[in-house]
Every structure is written in structure tokens, then in C-alpha cells.
Amino acid sequence: MEIDWKNLGFGYMKTDFNIRCNFSNNSWGELEVHDNEHISLHIAATALHYGQESFEGLKAFKGKDGKVRIFRMHDNALRMLDSSEGTLMAKVPVEIFEEAVLKAVRLNERFVPPYESGASLYIRPVLFGSGPQVGVKPATEYMFIVFVTPVGPYFKGGFQTTPFVIMREYDRSAPLGMGKYKVGGNYAASLVAGKRAAELGYSNIFYLDAKEKRYIDECGAANFFGIKNNTYITPKSASILPSITNKSLMVLAEEIGLNVEVRQVPVEELSTFEEAGACGTAAVISPIERIDDYDNKITYQFSKDGQPGPISSKLYHKLQAIQYGDEPDTHNWITVV
Ligand SMILES: *Cc1c(COP(=O)(O)O)cnc(C)c1O
């Protein structure tokens, strides 16, 4: 089967193998290689009834030199450990996580898109309670799976801005809730708001803190940053998912001479930013054209011509250059497969 690398979207495509590891009797088993996309699951698995589940998302890139590079795999392994703290799931040891990811990429190497396509291989580790419970208790058995699927470049027509909307009737997570963990339930909780935003012509909802609705939290399932006075500013909040892309952008921002601030960002401060963006693995940076405050009929405009600002563009290209191996990896972010 020939893959049309130029027209890949962000969807699921079957690849050759997935990697699995099971936890039972208080220990992890051996890594297993499967070519079947389906699993057999107990009808009372805690993942199905009580949402014991977490996942990760990372990417592998083929360089000009033909080498395949995985970006910040170790940080994703650590974040999945954190999600297990929040959901009382068995912890996937870092070594098992990394070995499974490497194996999944190696065995599916023919699905890593060529350098020229601007596409990449998306890697999806997922962990869930597979053992049965009817009372609300954590499972005693868990399944960890890594599958991969090739995905196209996020921006088909080039790096472009999109609009977001603030709607105070929706929250993504509770003030002392699960927002800081990468769990499926947060996504289920965001689907209605996301649909509403899409119907109104926005790329997603821009969330404020659930308690006071005064501070910026996240934009859809991405972190927010704003740029002003030569400073990269990103919100601090107990309900934000710590984005590895955001962490990387903060390092690069300092390197190109910006100040970096991680602090509460009041919603009115949006009017002072020169540039704004959403960041995450899928798009690296999704620059924001404007944010409409739906409830107060205010518009915060960041781009007049649909073009991203100069600093967002610079950060975007710099991070991508490291991921594809065009620039040296001076931070030890890359694992060459
Ligand atoms: C995964 C995720 C992000 C982005 O994190 P990256 O590590 O940069 O991909 C941001 N917000 C939420 C809610 C997420 O689930």
C-alpha cells in the first residue's frame, strides 16, 4: 500500500505493530508485540466504568539525514507517572515506557513520513485499569499500550492564525481537580464546549480558571502563551496540564533573548499582548488571531492579517528545526532511534 504522505490528516491509520505490557500480581510483565488493533477487555474494567485511564502524545521525525528522532520521550514517561499518582493506577516504569516507545517506532519505521512531507509519526502511549471492580476502587490489573500512526503537518496551508472564544458557562476541570493530569476524562468534559466553539466558527474554547473566572487557564487542550515587551508569559495554575512543548518554548525564548514569566495572567491582560498562541505536540504553536469574550462582547485582537507574529514564528521554526534535526540538539531532547 502506497501512503500519500502529502495529504495525511490528523487521524488514525493502521500500522504494522503495537506494543503492550500488562500489570498483574503487583508486577509488570514482558513487552509484547501485537499486530492486532483490538484488545479483549473485561466488561467490569475500571477504565470503562470509573475512568481509570491516562495517555501521552509525542512524535518521531525523519531528518534530512534519514535518521528518526523522538522528541522528549523521557518527559512524557515522567508525566505518565504523574497521571498514575492522580488516578491511583499502577506506574509504568520509565524504562518500560521508553523501551515500548522505541520498539513501536522501530517496528513501524516504514510509517515515519519522509522529511520533505512536513509530516511526522504520532506516538500514543495509553494506560488503563483493565481489571474488574464494581465498587469504586482502583483496579489490580492494568494494560499499557503504545501505538503509532503517521500524521500530516498541522498547518496545511502554512503557519496560520485562528480565533478562540471565552465562554464562562464551560469549565475543562475543577479548581482542585484533574486538570493537571493527562487523563481521558478531561477530554470527555471538553467535548460539548469544543463543539459549541466549532459551531460558532472558532478553533476552540479559551478556558478561564474555574473558581474565579479571572485568570487564563488553557486554550482547548493546549497551553497558552502571550508575548509583550520582549517577554514570554504563560499562566501558572493548579489546573493546567504541564505541556512539554510549552516547557521547550520557554527554554528557546530565553535563548533568543526574551524574558520568561510563569504567573497568573488576568483575563484583561489579554489586551496588552502583542502576540498570543496555543502550544502542544500536535501543532507546536497554533498562533491566535483573536479571542472573543462571548459573555462580555469584547474582542482581543492579536493579528490583523491572519499572519503569526515574528516571535511566535521564530520560536515555531526553531523548535521544529530541532525536532527534524536541522539544528543541533543542545538540550538532550532528542532520542535517535
Ligand atoms: C497534552 C496536553 C497539552 C500539550 O502538552 P504537550 O506535552 O505540549 O503535547 C496541553 N494541554 C492539555 C490539556 C493536554 O492534554
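Residues numbered from 1 in each chain as written. Predicted model: local features only at pLDDT ≥ 70, side-chain atom pairs only at ≥ 80, totals over all residues. Heavy atoms only, no water.

Section: the domain arrangement of the protein chain
With domains assigned, the protein chain is organised as domain 1 (5–151) and domain 2 (162–324). Facing 27 residues of domain 1, the contacting portion of domain 2 comprises 18 residues. Of the roughly 1900 Å² buried between domain 1 and domain 2 on both sides combined, carbon and sulfur atoms contribute 62%. Looking at the side of domain 1 facing domain 2, the largest losses of area belong to F55, F71 and R79, adding up to 31% of the total buried there. Viewed at the interface, domain 2 and domain 1 are joined by 1 salt bridge. (Domains from an automatic or database assignment. Contact = heavy atoms within 4.5 Å. Buried area = accessible area lost by both parts, 1.4 Å probe. Salt bridge = Lys/Arg side-chain N within 4 Å of Asp/Glu carboxyl O.)

Brief notes about a nonpolar patch on the surface
On the surface, Y50, V134 and V136 cluster together to form a nonpolar patch covering roughly 340 Å² of accessible area. With respect to the helices and strands, V134 occurs in the loop between β7 (120–129) and β8 (142–151). The class for V134 is exposed, based on a relative accessible area of 67%. (Patch = residues over 30% accessible without salt bridge, like charges linked within 9 Å, V, L, I, M, F, W, Y side chains within 5 Å. Areas by Shrake-Rupley, 256 points an atom, 1.4 Å probe, with all protein chains shown as cover. Helix = DSSP H or I, 4+ residues; strand = E, 2+ residues; numbered from the N terminus. Buried < 20%, exposed > 50% of the residue type's maximum accessible area, 1.4 Å probe, protein only.)

Digging into helix α2 (residues 73–87)
Here α2 spans 21 Å end to end across 15 residues, near enough to the 21 Å set by a 1.5 Å rise per residue. Every buried residue belonging to α2 is among M73, D75, N76, A77, R79, M80, S83, S84 and T87, and all of these are buried. Following α2 by one or two positions, L88 adopts a phi angle in the positive range, close to 55°. (Expected span 1.5 Å × (residues − 1).)

Some details on the pairing of strand β17 (residues 298–301)
Here strand β16 (residues 284–293) runs beside β17; their pairing, made up of 4 bridges, is antiparallel. Among the inter-strand pairings, D293 is bridged to a residue of β17, identified as I298. Connecting β16 to the antiparallel partner β17 that follows it, the hairpin turn spans 4 residues, and K297 within it adopts a positive phi of roughly 50°. (Pairing = 2+ DSSP bridges.)

Quick look at the site of the ligand
Lining the immediate surroundings of the ligand are 14 residues, of which K182, Y187, S243, T245 and T281 lie closest. Note that a nitrogen atom of the ligand is positioned 3.4 Å from one of the backbone N or O atoms of A221. Look at the ligand: alone it shows 380 Å² of surface, and the protein chains cover 96% of it. When contributions to the shell around the ligand are tallied by element, the ones reaching two or more residues are β12 (222–228) and α6 (244–255). Residue classes in the shell around the ligand are distributed as 5 nonpolar, 5 polar and 4 charged. (Near = heavy atom within 4 Å. Polar contact = N/O pair within 3.5 Å; in protein donor to acceptor, adjacent residues only side chain to side chain. Nonpolar A, V, L, I, M, F, W, Y, C, P; charged D, E, K, R; others polar.)

Focus: the side chain of S120
Along the chain, S120 turns up in strand β7. Residue S120 is classed as buried on the basis of its relative accessible area, which comes to 3%. Apart from residues no more than four positions distant in its own chain, S120 is found in contact with K59, A60, F61, P113, T149, P150, V151 and Y324.

Section: the packing of aromatic side chains
Applying the stated rule across the entire model yields 13 aromatic pairs. Taken together, a centroid distance of 6.1 Å and an interplanar angle of 65° make the contact between F23 and Y142 edge-to-face. One end of the pair, F23, is in strand β1 (residues 18–24); the other, Y142, is in strand β8, with 119 residues separating them in the sequence. With relative accessibility at 2%, the residue Y142 sits in the buried group. Ring pairs connect the aromatic residues F23, W28 and Y142, which therefore count as one cluster. Residue placement shows K228 over the ring face of F273; its charged tip is 5.4 Å from the ring centre. Seen from the ring of Y294, K297 lies directly overhead, with NZ or CZ sitting 4.4 Å from the centre. (Phe/Tyr/Trp six-rings, centres within 6.5 Å; stacked < 30°, edge-to-face > 60°. Lys NZ or Arg CZ within 6 Å of the ring centre and 35° of its normal.)

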